[in-house]
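Structure assessment
Below are the chains, spelled out letter by letter.
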2 protein chains.
Amino acid sequence: MTTPAYSTATNRTATHRAPADGTPAYSTELARLAALLADRTRAAFCLALLDGRAWTAGELAAYAQVAPSTASEHLTRLTEGGLLAERRQGRHRYLQLAGPHVAELLESLTAHLDPPQGAPRGLRAVSASAALARGRTCYDHLAGRLGVAITDAMTARGLVDQDGGFALTDAGRDWFTDALGVEPADLRTGRRPPARACLDWTERRNHLAGTAGARLCDRLLDRRWVRRIGSGRAVRLTDAGAAALQELLGLDGTAAGLR
Amino acid sequence: MTTPAYSTATNRTATHRAPADGTPAYSTELARLAALLADRTRAAFCLALLDGRAWTAGELAAYAQVAPSTASEHLTRLTEGGLLAERRQGRHRYLQLAGPHVAELLESLTAHLDPPQGAPRGLRAVSASAALARGRTCYDHLAGRLGVAITDAMTARGLVDQDGGFALTDAGRDWFTDALGVEPADLRTGRRPPARACLDWTERRNHLAGTAGARLCDRLLDRRWVRRIGSGRAVRLTDAGAAALQELLGLDGTAAGLR
DNA sequence: GCGAGTCTTCGGTGCGTACCGAAGGGACTC
DNA sequence: GAGTCCCTTCGGTACGCACCGAAGACTCGC
């Protein structure tokens, strides 16, 4: 009698299905994590929240064009799944990514997607898209042509090493202190690496992420060298910022198509 | 009249649902990608294939304990989704991960999973699990205590920089040439980085991945310093390997719990 | 207080899909 | 050529879940 393993009653229960070598217990967990993102609406929420800010439930519902009740259920699921963090304030429910690790997770997933297939339609869409391609925030660091150009300039000056992997050099650490006033201790927060490569959606090249990327973005916004455009994630380089980047990194913002 | 956007006929079609700023067109793609892994059986297939070898459809079906017909459908879906590559040979269908980028994707997902909750039961399971924790392959490089110990030793000797991110140093490149006979040109293949951090499942610490990690694994297997245990992904350090690592990296295999 | 605004809970509908067995198509062996 | 093996295709079932509207809980402003 050759009863296949999958047809016996015991083997069909959840606990007995996976092989016993320990490793594959993960498959259920992996599937559960992936399932959180395996819905267009939930995926849209997460991508929207990749701008690093907190959105209300209603804003997200409108963004993804679903009923508030539907959004509410999805948001509960994402929060319980550990991807989002919520803050109840008055009658609003503010949501944001649960942390840098979630941003990294989303980045590594989106990095493996095909480039955008359908070009945006309509004037508003085109100009919004162009602004995002020029410069934007990606969770807590800079992306788009701006982010990539800064990273390239830092690499050319030996502040970032992209030859052997992706790391901030000793000179890079000094530069953060001297040029931006960021103490070395501020670059080592917990287990998050100082420098990490983040593949840019639009440029398809690496830009600087990690604590150094976050501190860089902070400082540039603080000093008004970069400003947010409206309320979105798009940013633009200011006149003062162009002059500063020219001096600190030898970066010609106009030539690099950042203005 | 305040008809909500989501209730109009046009807005419910796929093409009009996403906002028009260009970015959120990705949400559909992200959801599609995530859906490939959002099933326990498909997730188990992918995790099994993380050993880097090619499995037959039947082997995978038995591993995940589903009917061959069910496995066949899942494998077709994973292949069409770009995660797996197949090779038909005679009456067999061999499957493996479509490339290092898929291995990276799986790593970054599994890195965000909770540590294993249920300890493995039974003698066979425990010893298999212990062997995997001691040393194993992770796609094309070494993992487990062995992988982490080698990476730590390389870091202590200044061959790998984990301070500013994760990169192979100049000294590290020389070491690959002198100690292993790997030419620098062999460390730069296409767009894959020479060194990349891969978070170890069992150790929860980084080990060396990327082309350097792959070459290292190749050489150690070639020179019989490391051998596969049976047909699985577990590996063990040989006597010759322990001596070699002692000499080349000052690594005491016995003290590090590798033997 | 009362109404407006935000979010949640609940019931109900419909679609997608994971699963199996049975049957069929190639490929290998003897 | 017959039998065996591996895989695929197809039909059918059952379950999960994404979605909505309506009703309720809670906060805020007047």
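Report on the accompanying structure. Nothing here was measured: the structure is a model prediction, and the numbers come from that model.

All names here are of chain B. With burial as the criterion, only one face of strand β8 (residues 196–199) is covered, namely that bearing R196 and C198; the residues A197 and L199 on the opposite face remain uncovered. As paired strands, β8 and strand β9 (residues 206–209) are joined by four bridges and run antiparallel to one another. Note on β9: the bridge partner recorded for C198 is H207. Turn length for the β8-β9 hairpin, with the two strands adjacent in sequence and antiparallel, is six residues, and the turn residue R204 shows positive phi of about 60 degrees.

A separate point is the pairing of strand β3 (residues 92–97) of chain A. Residues and elements named next belong to chain A. Both strand β1 (residues 55–56) and β3 contribute to a ladder of two bridges, which runs antiparallel. Bridge pairing in β3 links T56 to Y94. Pairing of strand β2 (residues 84–89) with β3 involves six bridges; the strand directions are antiparallel. When the sheet's bridge partners are listed, A85 is paired in β3 with Q96.

The next subject is helix α3 (residues 40–49) of chain B. All names here are of chain B. Counting buried positions along α3 gives nine out of ten residues, so the element sits mostly inside the fold. Among all positions in α3, only T41, R42, A43, A44, F45, C46, L47, A48 and L49 are buried. The backbone nitrogen of T41 lies 2.9 Å from a side-chain oxygen of the residue at the head of α3, namely D39.

Around DNA strand D sit 25 residues, and of these T70, H74 and R77 of chain A together with S72 and R93 of chain B come closest. Counting only atoms of DNA strand D within 4 Å of the protein, the sugar-phosphate share comes to 74%. Here a base oxygen of DNA strand D sits 3.3 Å away from a polar atom, N or O, in the side chain of R91 of chain B. Note that a phosphate oxygen of DNA strand D is positioned 2.4 Å from one of the side-chain N or O atoms of R93 of chain B. Listing elements by their share of the surface near DNA strand D, those giving two or more residues are α3 (40–49) and α5 (68–80) of chain A together with α4 (57–64), α5 (68–80) and β3 (92–97) of chain B. In terms of residues, the surface near DNA strand D owes the most to one element, α5 of chain A, which gives five residues. Of the residues contributing to the surface near DNA strand D, the split by class is five nonpolar, ten polar and ten charged.

So, how was this worked out
- Residues numbered from 1 in each chain as written.
- Chains lettered and ligands numbered in written order.
- Predicted model: local features only at pLDDT ≥ 70, side-chain atom pairs only at ≥ 80, totals over all residues.
- Heavy atoms only, no water.
- Buried < 20%, exposed > 50% of the residue type's maximum accessible area, 1.4 Å probe, protein only.
- Helix = DSSP H or I, 4+ residues; strand = E, 2+ residues; numbered from the N terminus.
- Pairing = 2+ DSSP bridges.
- Polar contact = N/O pair within 3.5 Å; in protein donor to acceptor, adjacent residues only side chain to side chain.
- Near = heavy atom within 4 Å.
- Nonpolar A, V, L, I, M, F, W, Y, C, P; charged D, E, K, R; others polar.

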